[in-house]
Amino acid sequence: MLTRQQEALPLQPVVLERDQHGISRRQISENALKVLYRLNKAGFEAYLVGGGVRDLLLGRQPKDFDVATSATPDQVKQLFSNSRLVGRRFRLAHVLFGRDVIEVATFRGHHHEVNNNKNISSQSSEGMLLRDNVYGTIEEDAERRDFSINALYYNIADFSVVGFANGLKDLEARRLDLIGDPETRYREDPVRMIRAVRFAAKLGLTISPRTEAPIRNLAPLLSDIPPARLFEETLKLLLAGYGLETYRKLQHYGLFAPLFPEAAEVMGQGDNNYGRFLELALINTDERIAQDMRVTPAFLYAALLWGPFETRTQQFMLEGGLNYYDASLLAMDEVLGRQVKSVAIPRRFSSVVRDIWQLQDRLTKRSGKRPHRLLEHPKFRAGYDFLLLRAELNPQLKELAEWWTDFQQANPVDRQQLSRTAQARHNQPGDEARKPRKRPRRRPRKKKEV
């Protein structure tokens, strides 16, 4: 009998009729149903596919609803005036309903059955797919999917669920299994390695032995992925409510270092204080998401790169004899400049990262009018929250964090008193009061001679 790794075709599909599964059309977005019905009415096969079906079967509410169809992207474009074609690696149609976007993909086919024209299908020397516009049948599409639990299709024609490659059994067993030969599939798209970690953390799945076996050796292939794509993937990894567990799995499988080489280098230098700080930041982020509170990638990236930033700042001060301000500016440029080579950070976020780091020094200066002006800083709250996290690991910062908590909550009179008290202490780093500037003595005017 062939093993699952040796099989050239997906396993026999399993069909659950309408009364054999718990998916109801009431759980599917109205806009996704509109797309499915119109495709079906036009004579095309139309299925809700992948994560949407998987999550509904698990009793979870899907974040997105994707559609797979026998219609080509151009045919979808003709059916929906509110659609646009996107993607170069694999052509897709996005059907737009205001801010709601329904992604429609044509069934993918096998490369070996077509003339591999460079405009249709292309692979790198490492085996990574560069272009993938090869269309086929639902059976071929199922085999081209990454994990068996994503090879699930909800048929709008008869409301049945079709599962390929043991996907329904794997979902029931809470097992994550890659379809096809794992090494080949990871080389086709190295992002599948971090997707495996993400699904395992998000859904509480166990990665099958054969699926996890090649990951450590192939982790360096992530350096071949465009940094902009990895930025989007890291948002899914760390800003979806299960960031701490995902981070630990990334470390376990050797995937963290290719994504964040600067942070990994600092954490590997013996003192793992930065690692503990990052875990605190992820715990905080997960809790905020669980409470439907706003989170920003900038705060998390500030935490991820805080270790490299502090390390380089100290190095510039010691080696170059620079003051803290100048050294910190150089460190910011270097750390962020290196990071964007692996995971791109858009400027709208990197500028906030800089603000958060700069505020850590400014928050130590509490005398005079500086605290009052600092409260008006647009990123004060992010900088203050960052200080609170640092204070959880550094007892020397607790008094400073408590002072700022009291200062925010105090009335104007009490704020003045807190500021005067801080000015009188003279023992806070960088908080010494400035000496009053002496006015030059004015020379007496010469009397005019009469």
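See above for the structure.
Just so it is clear, the model here is predicted, and its values are computed rather than measured.

Visitor: Looking at this model, I keep getting lost on the overall build of the protein. Mind explaining?
Guide: In terms of helices and strands, the protein carries 22 helices and 12 strands. When the 450 residues of the protein are sorted by exposure, 47% land in the buried category. Excluding contacts between residues fewer than 6 apart, the proportion of contacts in the protein whose partners are at least 24 apart in sequence is 68%. Accessible surface computed for the protein: about 24200 Å², of which carbon and sulfur atoms make up 48%.

Visitor: Looking at this structure, I do not really get the sheet that holds strand β2 (residues 46–49). What am I missing?
Guide: Sheet strands pair via backbone hydrogen bonds, and the direction of the pair is either parallel or antiparallel. Across the sheet, 8 strands lie side by side as β1-β10-β9-β2-β3-β6-β5-β4; this open sheet has mixed pairing. At either end of the open sheet lies a strand with only one pairing partner, and these are β1 (14–16) and β4 (83–86). Between one strand and the next, the sheet's axes are offset by a mean angle of 30 degrees, whatever the strand orientation. Of the strand pairs in this sheet, β2 and strand β3 (residues 66–69) are connected by 4 bridges, and their pairing is antiparallel. Paired with Leu48 across the two strands is Val67, which belongs to β3. Contacts from helix α1 (residues 30–41) reach β2, β3, β5 (92–97) and β6 (100–106), with the element oriented near 35 degrees to β6.

Visitor: Explain helix α11 (residues 243–252) to me, please; I cannot follow it from the model alone.
Guide: Turn by turn, an α-helix covers 3.6 residues, leaving residues three or four places apart pointing in a common direction. Taken residue by residue, α11 has Gly243, Leu244, Thr246, Tyr247, Lys249 and Leu250 as its buried positions. Where α11 terminates, the next one or two residues include Gly254, which has phi positive at roughly 75 degrees.

Visitor: Quick question: what am I supposed to make of the packing of helix α17 (residues 324–339) against helix α18 (residues 347–362) here?
Guide: The axes of two packed helices give the description: the angle between them and the distance between them. Put simply, α17 and α18 touch, their axes get as near as 11 Å, and they point 155 degrees apart. When the interaxial angle is binned, α17 and α18 end up roughly antiparallel. With respect to the hand of their crossing, α17 and α18 are arranged in right-handed fashion. Here Tyr324, Leu329, Met332, Asp333, Val335 and Leu336 of α17 come into contact with α18, specifically with Ser350, Val353, Arg354, Trp357, Gln358 and Asp361. For the contact of α17 with α18, a count of residues per class yields 7 nonpolar, 2 polar and 3 charged.

Visitor: Looking at this structure, how should I read unusual backbone geometry?
Guide: Phi is mostly negative for residues that are not glycine, and the peptide bonds are mostly trans. Look at Phe159: it is not a glycine, yet its phi comes out positive at around 65 degrees. The residue Phe159 is located in the loop between β9 (152–155) and β10 (161–163) in this model. Exposure remark for Phe159: the relative accessible area of 14% places this residue in the buried category. Look at Ala165: it is not a glycine, yet its phi comes out positive at around 55 degrees. Take Ala165: it is sitting in the loop between β10 and α5 (167–172).

Visitor: Would you explain the nonpolar core in this entry?
Guide: Leu39, Leu255 and Trp357 are the most contacted members of the largest nonpolar core, which has 95 residues in total. Sorting elements by how many residues they give to this core places helix α7 (residues 191–203) first, with 8 residues. In this structure, Trp357 is in contact with Ala302, Leu305, Trp306, Phe309, Met332, Val335, Leu336 and Phe386, ignoring residues within four places of it in sequence. Membership of the second largest hydrophobic core comes to 14 residues, among which are Tyr384, Leu397, Trp403 and Ala422.

Visitor: Help me understand the environment of Leu238, please; the structure alone is not making it clear to me.
Guide: Take Leu238: it is sitting in helix α10 (residues 227–238). Spatially, the C-alpha atoms of Leu238 and Arg198 are 8.9 Å apart, while their sequence positions differ by 40 residues. Residues in contact with Leu238, not counting those within four places in the same chain, are Gly243, Tyr247, Phe260, Leu282, Thr285, Leu300 and Leu304.

Visitor: Sorry if this is basic, but what is going on with the pairing of β3 here?
Guide: Across a regular strand the side chains alternate sides, sitting on one face of the sheet and then on the other. One ladder, built from 4 bridges, connects β3 with β6; its direction is parallel. Residue pairing across strands places Val67 opposite Val104, the latter belonging to β6.

Visitor: I'm lost on the pairing of β5 in this one. Help?
Guide: Judged from the 4 bridges that link them, β4 and β5 form a sheet pairing that is antiparallel. When the bridges of β5 are listed, Leu85 appears paired with Ala93. Counting the residues that bridge the hairpin from β5 to β6 gives 2 residues, and of these Gly98 lies at a positive phi of roughly 65 degrees.

So, how was this worked out
Residues numbered from 1 in each chain as written. Predicted model: local features only at pLDDT ≥ 70, side-chain atom pairs only at ≥ 80, totals over all residues. Heavy atoms only, no water. Helix = DSSP H or I, 4+ residues; strand = E, 2+ residues; numbered from the N terminus. Buried < 20%, exposed > 50% of the residue type's maximum accessible area, 1.4 Å probe, protein only. Contact = heavy atoms within 4.5 Å. Areas by Shrake-Rupley, 256 points an atom, 1.4 Å probe, with all protein chains shown as cover. Pairing = 2+ DSSP bridges. Axes fitted to C-alpha atoms, helices over the stretch in contact; angles between N-to-C directions. Parallel < 35°, antiparallel > 145°, perpendicular 65-115°, else oblique. Left-handed = near helix turned anticlockwise from the far one by under 90°. Nonpolar A, V, L, I, M, F, W, Y, C, P; charged D, E, K, R; others polar. Core = buried A, V, L, I, M, F, W, Y, C linked by side-chain atoms within 4.5 Å.

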